[in-house]
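This is what each chain is made of:
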Amino acid sequence: MRIAVTGLGAVSGIGLNVDENIEALRLKRHGMEKPRFFQTELDVPVAEVKKSSAELKQLLGIELDKTMSRTALLGMLAAREALTDSQIDTKAMRVGLISSTSVGGMDLSEVFYNDFRTDHNCGRLRMVSQHDCGSSTQLTAKYLGITGFTTTISTACSSAGNAIMLGARMLKHNMLDAVVVGGTDALCKFTLNGFNSLMILDKEHCRPFDATRAGLNLGEGAGYIVMQRLDDAKREPYCLLTGYANANDAYHQTGCSPEGNGAYKSMSEALAVAGLQPSDIDYINVHGTATPNNDLSESTAIRRLFGDRVPPFSSVKAFIGHTLGASEGIEAVYSALSVKNGYIYPNLNFKSVDHAIGLSPETEFAEGRTIRNVLSNAFGFGGNDTSLIFSKID
Amino acid sequence: MQPITITKSCQLKGDVLTVDGCEEPFDFKELVADASLRRRMSRIVKMGVACGLKCAEGLAPETIDGIITATGLGCLADTEKFMESIVVNNERLLNPTPFIQSTFNTIGGQIALLRGIHSYNVTYVHRGLSFESALIDAAMQIAEGRRNILLGAVDEITPSSADIQRRLGMTREYELGEGANFFLINAATPGRHRPAVLDIATRSGRLTTDEMIEWIVEITKRNGIKTSDLCIYTNCDDELAKTIDDKFEPISITLFNYKNCEYPTLSARFLDSAASDMYIIRKDYNVLIVNDYQHINHSLILLGKM
């Protein structure tokens, strides 16, 4: 059974929809700036979505006085775009929503907590009632009129990859006819300070795979794709989702093993699920966070799998930052378009080869390349490694 | 769905650990030998890790093909601890430990790390249906040919979350609770005395009594089971319980007094209770778990023997 990608939706620091995202990638226009919409003492660049929450509500036709976490708003915007794009009728078939997020409605909870911490009778309750991860998913399902199976996954930075994987499996098990899958995360003090406390935030613009890379930049956004069984697709699909796998590095709660064991396993198993050989992969959308540890470990795993024939690869993290629970949602959209239009995205800020890595990513935007299969990686805390493969329809 | 067997059911509630319904002594220091690692673990992580490791005991790591966990609210104490440190220290020089441990997949990740389990590892965080989502995934994994799946559910209550839930009016009908459950899931094979999960259904939003009744009829019908042959385990309110009793005349109704205990993944505890009873009683009968979480999230879990 073949799983087709029939709808795409993305919002990130470089655009409010898929077209704006691709245009920015084409023009090498990144979204990294000092934070505008949320207050922080930390002096680091972030890739914020360039609209206030009030502006996002206007775009969505939601009343301004309605309390909505930014995570939910971003999710609705991208999921709506994907669903509209797919042209599926949510009433005519079993349509599900599988979303993911790393911190849910934390952007509101932080406001609540400021009043609550000294007096538990203080703090406006509507600011905390969207704290849980399931909240943004339920709000999005309601907004889109999705009444089928709905759930939420949270495995840190690989969350959306796992949501996409579950969606594909549920289609194969004939539990759904169509599924909106992806993830959403808004910037908040909690995660920014979390990554800062781990000393893996770069105060400068991040430089994935570069010898001078010194950490990641955070971003926010949401990305969703719609998947259906190929025979059910109403419109011409972008591509197929042929491979997926999740594996565990089981090395450290936050760090990656030097051998990249988990990454090697997730990539190999995804190839096996797709029935492909390493030589069938024409482009890798790497996780590439720009931390010294991730990029070295990931490239070690890539070398182990591809030997001396490593396909073109790049990280988009210098454009959109690390969007955590949303990252593989957004990057799945980019990957699907890479297959469809032969796009290769530039890895910004790469200047010098790290000799420990010995690999150079693609640094220019390309289109019209023959790309049969794209491998896309997302790795998270808890050693959680997910790989997806998007393929051309032959 | 393809039926799955519950080969082992572990529960940690307070300090009491049960395996298939029978109390078993355990020493957390033996389960997690590293003292500094133990110190870093918050209560929920300890609960989940202890329960999960007990459930995985005796299994070689390479034979465990998946760790699937569920939590409604995750590691609340660590979350609050890190939030507090952000405010108090004005975003400077923070200890990363509570941030790391606040991640929703901490328990699944820690079990993988401690036992060297490199397989599939996913965490569901969908309110009152987190555990059901994990159960559905586990059943799909088995149908896809995986052998041993560790399926867990963990939630903790903290003073702050209790105060918030009280103010939200969630404790008008309920007392708040917490707990950890882990199940070892395998393919269902005939002739074993272990209970099997035959079907799962979930719904969100308020349901009328009539809708609940119709739904129960639907799930039993499609599995060819008479409602009068069921033992029902439920946390639904008295009115619905009475209607179920009058309408279906089941063998028995076990009412989990909803006034005693409530948390998002409580249905895992119902499954432990029903599965342990089925294992101990060793008679052939069917069980239907009717879960009504806060009148918003509902699930039906049908059990039987192969």
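All of these numbers come straight from a predicted model, not from anything done at the bench.

So, how was this worked out
- For every chain, the first residue of its written sequence is number 1, and the numbers climb from 1 along that sequence.
- Note on labels: chains are lettered from A, ligands numbered from 1, in written order.
- Reporting in this predicted model follows two pLDDT cut-offs: at least 70 for local features of residues, and 80 or more for side-chain atom pairs to be given and counted; totals over whole chains, interfaces and linings ignore these cut-offs and use all residues.
- The side-chain quantities take in all heavy atoms of the structure and omit both hydrogens and water.
- Strands are runs of DSSP state E lasting at least two residues, helices are runs of H or I lasting at least four, and both sets are numbered from the N terminus onward.
- As a reference, a globule follows 2.2 Å times the number of residues to the power 0.38, and the radius of gyration itself is taken over C-alpha atoms.
- Throughout, exposure labels follow a simple rule: accessible area from a 1.4 Å probe, protein chains only, divided by the maximum for the residue type, with under 20% read as buried, over 50% as exposed, and the rest as partly exposed.
- By definition in these notes, contact holds between two residues if any of their heavy atoms fall within 4.5 Å.
- Summed over both partners, the accessible area lost on bringing two parts together, with a 1.4 Å probe, is the buried area.
- Salt bridge, as used here, is a side-chain nitrogen of Lys or Arg placed within 4 Å of a carboxyl oxygen of Asp or Glu.
- Polar contact is the term for a pair of N or O atoms within 3.5 Å; when the atoms are in protein, one must be able to donate a hydrogen and the other to accept it, and sequence-neighboring residues count only if both atoms are side-chain atoms.
- Where each domain starts and ends comes from a domain assignment, either automatic or drawn from a database.
- Here the term cavity refers to a set of points on a 1 Å grid, laid over the protein atoms alone, in which a 1.4 Å probe fits but cannot get out; the term pocket refers to an open set having protein on both sides within 12 Å along at least five of seven lines, with lining residues being those that place an atom within 4 Å of a point.
- Grid points are joined across faces, edges and corners, and a volume is the space filled by probe spheres set on the points.
- For this classification, Asp, Glu, Lys and Arg are treated as charged, while Ala, Val, Leu, Ile, Met, Phe, Trp, Tyr, Cys and Pro are nonpolar and the rest, including Gly, are polar.
- The definition of a nonpolar core used throughout is a set of buried Ala, Val, Leu, Ile, Met, Phe, Trp, Tyr and Cys residues joined through side-chain atoms within 4.5 Å.
- A fitted line through C-alpha atoms represents every axis, and for helices the fit uses only the stretch in contact; the resulting angles, taken between N-to-C directions, go from 0 to 180 degrees.
- Oblique is the label for any angle not under 35 degrees, not over 145, and not in the 65 to 115 range, which are roughly parallel, roughly antiparallel and roughly perpendicular in turn.
- Helix crossings get a hand from a simple test, with the near helix turned counterclockwise from the far one by less than a right angle marking a left-handed crossing and a clockwise turn marking a right-handed one.
- Working rule for helices: expected span equals 1.5 Å times residues minus one.
- An arc is given here, and it is the one of the directions from the helix axis to the C-beta atoms.

Visitor: What should I look at first to understand the overall build of chain A in this one?
Guide: The number of helices and strands found in chain A is 11 helices and 12 strands. For 394 residues, the compact-globule estimate of 2.2 N^0.38 gives 21 Å, and chain A sits close to it at 19 Å. With the C-alpha coordinates aligned to their principal axes, the bounding extent of chain A is approximately 60 × 50 × 40 Å. Across the 394 residues in chain A, those meeting the buried criterion constitute 68%. For chain A, the share of sequence-separated contacts (at least 6 apart) that also reach a separation of at least 24 residues comes to 76%.

Visitor: Would you mind showing me how to read the interface of chain B and chain A here?
Guide: Across the contact, 54 residues belong to chain B and 64 residues belong to chain A. In total, chain B and chain A occlude about 5,000 Å² of area from one another, counting both sides; carbon and sulfur atoms represent 60% of this. There are five salt bridges connecting chain B and chain A. The residue Lys 189 of chain A makes a salt bridge to Glu 91 of chain B at a minimum N-O spacing of 3.7 Å. Our count for the chain B to chain A interface comes out at 30 residue pairs in polar contact (both at pLDDT 80 or more). Of all the elements in the fold, those that place two or more residues in the side of chain B that touches chain A are helix H4 (76-88), helix H5 (97-102), helix H6 (106-115), strand S5 (120-124), helix H7 (130-143), helix H8 (159-167) and strand S8 (196-204) of chain B.

Visitor: Hey, could you run me through the domain arrangement of chain B in this one?
Guide: Frequently, the measure chosen for interface size is the accessible area that the parts lose on association. Residues and elements named next belong to chain B. Along its sequence, chain B is carved into domain 1 (4-187) and domain 2 (196-304). Centre-to-centre, using C-alpha coordinates, domain 1 lies 24 Å away from domain 2. Carbon and sulfur atoms supply 61% of the area buried between domain 1 and domain 2, which totals about 2,800 Å² over both sides. On inspection of domain 1 and its partner domain 2, the count reaches zero salt bridges. If you look at where domain 1 meets domain 2, you find 11 residue pairs in polar contact (both at pLDDT 80 or more). Counting residues per element, the ones that place at least two in the side of domain 1 that touches domain 2 are strand S1 (4-13), H7, strand S6 (148-155) and strand S7 (179-187). Of all the elements, S1 adds the most residues to the side of domain 1 that touches domain 2, at seven residues.

Visitor: Mind showing me how you'd approach the layout of surface pockets here?
Guide: In this approach, a probe sized like a water molecule rolls over the atoms, and the result shows the empty space that is left. Counted as a void, the second largest pocket has a volume near 570 Å³. Lining the second largest pocket are 26 residues, with Phe 37, Phe 38, Asp 107, Leu 108 and Val 111 of chain A positioned closest to its centre. Those elements that place two or more of their residues in the lining of the second largest pocket are helix H2 (53-60), helix H3 (70-86) and helix H4 (106-116) of chain A together with H4 of chain B. The element contributing the most residues to the lining of the second largest pocket is H4 of chain A, with six residues. Classifying every residue of the lining of the second largest pocket by side-chain character gives 13 nonpolar, five polar and eight charged.

Visitor: What is the right way to look at the side chain of Ser 327 of chain A in this model?
Guide: Residue and element names in this part refer to chain A. With respect to the secondary-structure elements, Ser 327 resides in helix H11 (residues 327-341). Here the side chain of Ser 327 touches Cys 157 through a polar contact of 3.4 Å, landing on its backbone oxygen. If we ignore the near neighbours within four places in the chain, the residues touching Ser 327 are Cys 157 and His 322.

Visitor: Honestly, the nonpolar core in this entry has me stumped. Any pointers?
Guide: Nonpolar side chains tend toward joint burial in soluble globular proteins. In terms of nonpolar packing, the biggest core is built from 92 residues, with Ile 225, Met 227 and Tyr 345 of chain A together with Leu 303 of chain B touching the most fellow members. Looking at this core, the element that brings in the most residues is H7 of chain B, giving eight residues. Counting contributing residues, this core receives three or more from each of domain 1 (4-187) and domain 2 (196-304) of chain B. Those residues in contact with Ile 225 of chain A that sit more than four places away from it in its chain are Val 5, Gly 7, Leu 8, Ile 164, Val 179, Val 180, Val 181, Ala 332, Val 333 and Phe 390 of chain A. In terms of nonpolar packing, the next biggest core, distinct from the first, is built from 32 residues, Leu 187, Leu 201, Leu 216 and Leu 218 of chain A among them.

Visitor: Help me out: how do you make sense of the packing of H3 of chain A against helix H5 (residues 133-144) of chain A in this one?
Guide: When two helices pack together, their arrangement is given by the angle between the helix axes and the distance between those axes. All names here are of chain A. Interaxial distance between H3 and H5 falls to 9 Å at its minimum, and their mutual angle equals 40 degrees. In terms of orientation, H3 lies oblique with respect to H5. Relative to H5, the crossing made by H3 is right-handed. When H3 is examined against H5, the residues Thr 71, Ala 72, Gly 75, Met 76, Ala 79, Arg 80 and Leu 83 are found in contact with a partner set consisting of Ser 136, Leu 139, Thr 140, Tyr 143 and Leu 144. Taken together, the residues that form the contact of H3 with H5 break down as seven nonpolar, four polar and one charged.

Visitor: What's the story with unusual backbone geometry in this structure? I'm lost.
Guide: Leaving glycine out, the prevailing phi sign among residues is negative, and the prevailing peptide bond configuration is trans. Positioned with a positive phi, Ala 250 of chain A is a non-glycine residue whose angle comes to about 45 degrees. Note on placement: Ala 250 of chain A falls in the loop between strand S8 (239-248) and helix H8 (261-274). For His 295 of chain B, which is not a glycine, the phi torsion comes out positive at approximately 60 degrees. Mapped onto the elements, His 295 of chain B comes out in the loop between strand S11 (286-293) and strand S12 (297-304).

Visitor: Would you explain H8 of chain A in this entry?
Guide: Owing to its 3.6 residues per turn, the α-helix brings residues three or four apart onto one side. Residue and element names in this part refer to chain A. Taking 1.5 Å per residue as the helical rise, H8 with its 14 residues ought to reach 20 Å, and the 20 Å between its terminal C-alpha atoms agrees with that figure. Gly 262, Ala 263, Ser 266, Met 267, Ala 270, Leu 271 and Ala 274 are the residues of H8 that are buried. In a view along the axis of H8, the buried residues occupy a sector of 165 degrees, so they form one face of it. Each element contacted by the buried residues of H8 is listed here: S8, helix H9 (292-306), strand S11 (373-380) and strand S12 (384-391). Just downstream of H8 lies Gly 275, where phi reads positive at about 70 degrees.

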